[in-house]
Amino acid sequence: MSNDLKRIECDPKCGFVVQSHDEKEVLDIARKHAKEKHDMNATDQQLKGMMKSA
Ligand SMILES: [Zn+2]
């Protein structure tokens, strides 16, 4: 377990940001966001590529 704060930022035009200490939660929320707002099926691998430690 890590206490790093994980963060995913969507396109700046979108402005969506999710951050949590729980990596799984960040991935779940970001995946839902991509699906609902962008009609995109993002994989964990893609999302992890966008993830930063905040
Ligand atoms: Zn977005």
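Below or above, wherever it landed, is the structure these notes cover. Computed from a prediction, not measured in an experiment: that's the story for all the values here.

Description of the environment of C10
Relative to the assigned elements, C10 resides in the loop between β1 (6-9) and β2 (17-20). Residues C10 and M50, 40 residues apart in the sequence, show an inter-C-alpha distance of 8.4 Å. The residues contacting C10, other than those within four sequence positions of it, are F16, H33, H38 and M50.

Observations regarding the coordination of the zinc ion
On the protein side, the zinc ion has C10 (SG), C14 (SG), H33 (NE2) and H38 (NE2) as donor atoms, found 2.0 to 2.3 Å from it. Its four donor atoms give the zinc ion angles of 105 to 117° at the centre, a pattern that matches the tetrahedral case. Written as a sequence motif, the donor arrangement for the zinc ion is C-x3-C-x18-H-x4-H. Here C14 is found in the loop between β1 and β2, whereas its partner H33 is found in helix α1 (residues 23-38), with 19 residues between them in sequence.

Considerations on the pattern of salt bridges
Within this structure, the stated rule accounts for five salt bridges. For the salt bridge of R7 with E9, the shortest nitrogen-to-oxygen distance reads 2.8 Å. Looking at R7, the relative accessible area reads 25%, which means it is partly exposed. By relative accessible area, E9 is classed as partly exposed at 35%. Residue D28 is joined to R31 by a salt bridge in which the shortest nitrogen-to-oxygen separation is 3.2 Å. Linking D28 with R31, this pair stays in helix α1, spanning three residues, or about one helical turn. The exposure class assigned to D28 is partly exposed, which follows from its relative accessible area of 30%.

What counts as what
Residues numbered from 1 in each chain as written. Predicted model: local features only at pLDDT ≥ 70, side-chain atom pairs only at ≥ 80, totals over all residues. Heavy atoms only, no water. Helix = DSSP H or I, 4+ residues; strand = E, 2+ residues; numbered from the N terminus. Contact = heavy atoms within 4.5 Å. Donors = N, O, S within 2.8 Å, 3.2 Å for Na, K, Ca; no water. Tetrahedral: all angles 85-135°; square planar, octahedral: opposite > 155°, others 65-115°. Salt bridge = Lys/Arg side-chain N within 4 Å of Asp/Glu carboxyl O. Buried < 20%, exposed > 50% of the residue type's maximum accessible area, 1.4 Å probe, protein only.

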